[in-house]
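Results of the structural survey
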Amino acid sequence: VQLQAFGGGLVQAGGSLRLSCVSSGLPFGSYDMGWFRQAPGKEREFVAGIRWRGDLTSSAESVKGRFTISRENAKNSVFLRMNSLKPEDTAVYFCAARRRHFGLALNLSSTYPYWGQGTQVTVSS
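1. Some thoughts on the pairing of strand β8 (residues 77-82)
Within a regular strand, side chains alternate between the sheet's two faces. Among the six residues in β8, five count as buried, and that is most of the element. One ladder, built from six bridges, connects strand β3 (residues 17-24) with β8; its direction is antiparallel. By the bridge assignment, Ser20 is partnered in β8 with Phe79. Of the pairings in the sheet, the one linking strand β7 (residues 67-72) to β8 comprises six bridges and is antiparallel in character. Paired with Thr68 across the strands is Arg81, a residue of β8.

2. Description of the pattern of salt bridges
Applying the stated rule across the entire model yields seven salt bridges. Members of the salt-bridge network, linked through shared partners, are Arg37, Glu45, Arg66 and Asp89.

3. Notes on the nonpolar core
Formed by 34 residues in total, the largest nonpolar core has its most connected members in Trp35, Leu80, Met82 and Tyr93. Residue assignment for this core shows that the elements contributing at least two residues are β1 (2-6), β3, β4 (31-38), β5 (45-50), β7, β8, β9 (91-99) and β11 (119-124). The dominant element in this core, judged by the number of residues it contributes, is β9, at five residues. Excluding residues within four positions of it along the chain, Leu80 makes contact with Leu17, Arg18, Leu19, Trp35, Val47, Ala48, Phe67, Thr68, Ile69 and Tyr93.

4. Focus on the sheet that holds β3
On the basis of which strands lie adjacent, the open sheet formed by four strands has the order β1-β3-β8-β7 and antiparallel pairing. Either end of the sheet is taken by a strand with one partner, and the two such strands are β1 and β7. Here the strands of the sheet are splayed against their neighbours by 15° on average, with no regard to which way each runs.

Quick notes on the rules
- Residues numbered from 1 in each chain as written.
- Predicted model: local features only at pLDDT ≥ 70, side-chain atom pairs only at ≥ 80, totals over all residues.
- Heavy atoms only, no water.
- Buried < 20%, exposed > 50% of the residue type's maximum accessible area, 1.4 Å probe, protein only.
- Helix = DSSP H or I, 4+ residues; strand = E, 2+ residues; numbered from the N terminus.
- Pairing = 2+ DSSP bridges.
- Salt bridge = Lys/Arg side-chain N within 4 Å of Asp/Glu carboxyl O.
- Core = buried A, V, L, I, M, F, W, Y, C linked by side-chain atoms within 4.5 Å.
- Contact = heavy atoms within 4.5 Å.
- Axes fitted to C-alpha atoms, helices over the stretch in contact; angles between N-to-C directions.

Take a look at the structure:
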């Protein structure tokens, strides 16, 4: 199983980025996907998640109204559109996958067995 995240970079506050994560080695259409981030000196935190069918999403309060998660099962890909970026959004962003699990919250990092390598997002003030 491989998850490859890309699309990070350096952006000014107020700007936008779109992260992508491409998976291989798993039946993507049967997997919930999540985005998490980890800033220097901080614990990893949930950003957004999307159920395997794409019919349910969840996002952290800190990013609601600014970030949007989506997926395209035909391309084994999940995306994170990030608008109105703030310096506090600076972190390494990871995508993660878990086999579909009805009723299990999307924000539980311990339930995701597969993780990508991360992509750095830096927002300057």
